[in-house]
Amino acid sequence: MQSVGDFRLPPFFNYPPYFTQKIHIISLEEDFPLFSNPKIERSLSHEAKEVFLAALVSEGRAEWMDKGHKKCLILWLRIQDWANFIFNFVKDNGLEVMTIEELRSGIDTRGTELEGIDRGVLMRALRLLEQKGKAAIFKGTSADDEGVKFSI
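Worth saying up front: this structure is predicted, and the values here are computed from it rather than measured.

*Asks:* Looking at this structure, how should I read the overall build of the protein chain?
*Replies:* Looking only at helices and strands, the protein chain has 4 helices and 10 strands in total. Taken from the N to the C terminus, the helices and strands of the protein chain come in the order β-β-β-β-β-α-β-β-α-β-α-α-β-β. When each of the 152 residues of the protein chain is scored for burial, the buried share is 30%. Accessible surface for the protein chain amounts to roughly 9700 Å². Of this, 53% is attributable to carbon and sulfur atoms.

*Asks:* Please clarify how the side chain of Lys49 should be interpreted in this entry.
*Replies:* The topology assignment puts Lys49 in helix H1 (residues 46-58). We note that Lys49 is buried and unpaired, the nearest opposite charge coming from Asp31 at a distance of 5.1 Å.

*Asks:* Mind showing me how you'd approach the sheet that holds strand E6 (residues 62-64) here?
*Replies:* Hydrogen bonding along the main chain pairs the strands of a sheet, whether they run parallel or antiparallel. Taken together, 3 strands build an open sheet; the order of strands is E3-E7-E6 and the sheet is antiparallel. At either margin of the open sheet sits one strand with a lone partner, and together these are strand E3 (24-27) and E6. Here the strands of the sheet are splayed against their neighbours by 25 degrees on average, with no regard to which way each runs. Sheet topology note: the E3/strand E7 (residues 71-74) ladder contains 4 bridges and is antiparallel. Bridge pairing in E7 links His24 to Ile74. Helix-sheet contacts for H1 involve E3, E6 and E7, and the interaxial angle to E6 is about 115 degrees.

*Asks:* I'm lost on the pairing of strand E9 (residues 135-138) in this one. Help?
*Replies:* On any regular strand, side chains alternate: one points to one face of the sheet, the next to the other face. Along E9, the buried face is formed by Ala135 and Ile137; none of Ala136 and Phe138, which line the opposite face, is buried. Across 4 bridges, E9 lies against strand E10 (residues 147-150) in antiparallel orientation. Along E10, the bridge assignment pairs Ile137 with Val148.

*Asks:* How should the environment of Ile152 be read in this particular structure?
*Replies:* Position of Ile152 among the secondary structure elements: in the segment after E10. As a C-alpha pair, Ile152 and Lys91 span 61 residues in sequence and 6.3 Å in three-dimensional space. Residues in contact with Ile152, not counting those within four places in the same chain, are Phe87, Val90, Lys91 and Leu95.

*Asks:* Before we go on, may I ask you to explain the pattern of salt bridges in this structure?
*Replies:* Pairs can form between side chains of opposite charge once their charged atoms are near each other. Summed over the entire model, instances satisfying the criterion amount to 7 salt bridges. Lys149 is the salt-bridge partner of Glu96, the closest N and O atoms lying 2.9 Å from each other. With Glu96 in the loop between helix H2 (79-92) and strand E8 (97-99) and Lys149 in strand E10, the pair connects residues that are 53 residues apart, well separated along the chain. Given a relative accessible area of 40%, Lys149 falls into the partly exposed group. Arg119 is the partner of Glu146 in a salt bridge, and the nearest nitrogen-oxygen pair spans 1.9 Å. Placement of Glu146 in the loop between E9 and E10 and of Arg119 in helix H4 (residues 119-131) is noted, with a sequence separation of 27 residues between them.

*Asks:* Looking at this structure, how should I read H1?
*Replies:* An α-helical turn contains 3.6 residues, so a residue and the one three or four places further along point in the same direction. For H1, which comprises 13 residues, the first-to-last C-alpha distance of 18 Å matches the rise-based estimate of 18 Å (1.5 Å per residue) to within 8%. Among all positions in H1, only Lys49, Leu53 and Leu56 are buried. In an axial view of H1, the angular spread of the buried residues amounts to 50 degrees, which keeps them on one side of the axis. Across H1 from its buried face, at more than 90 degrees, point the exposed residues Glu47, Val51 and Ser58. Next to the buried residues of H1 lie E3, E6 and E7. Remark: Gly60 follows H1 within two positions and exhibits a positive phi of approximately 80 degrees.

The rules behind these values
- Residues numbered from 1 in each chain as written.
- Predicted model: local features only at pLDDT ≥ 70, side-chain atom pairs only at ≥ 80, totals over all residues.
- Heavy atoms only, no water.
- Helix = DSSP H or I, 4+ residues; strand = E, 2+ residues; numbered from the N terminus.
- Buried < 20%, exposed > 50% of the residue type's maximum accessible area, 1.4 Å probe, protein only.
- Areas by Shrake-Rupley, 256 points an atom, 1.4 Å probe, with all protein chains shown as cover.
- Lys, Arg positive; Asp, Glu negative; His and termini not counted.
- Salt bridge = Lys/Arg side-chain N within 4 Å of Asp/Glu carboxyl O.
- Pairing = 2+ DSSP bridges.
- Axes fitted to C-alpha atoms, helices over the stretch in contact; angles between N-to-C directions.
- Contact = heavy atoms within 4.5 Å.
- Expected span 1.5 Å × (residues − 1).
- Arc of directions from axis to C-beta.

What follows is the structure, encoded as structure tokens:
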């Protein structure tokens, strides 16, 4: 474990996905690095993996991708947190109408947490905002024409 002065960093500090916002899909059938420690030659049992992922799901930090609970999508932020982030971002930047692609890769979002956000996660967060009356999603003739109008 690395340390900074007298402070010891937690074990997950050396786990590369901790520093990314990529979407991670974990299969209980695969040997995912999070579930094993080669230094001590130990791995979690199948049951322990299920318990761990179920805890993440119950906190809204992951979602089962299948009914059999064999694959799990790990979320960087909960969908509600993404919705709040998006709404605050557009409000703070005076943005009212944007295309979906502008939210993912536009000039205004460059260098922010929204840059490169998974389209599925983005759409779910926008639908949540729409349900709360804070946004209206509109569809065009193609995926490039989809957009959202925020009620700020």
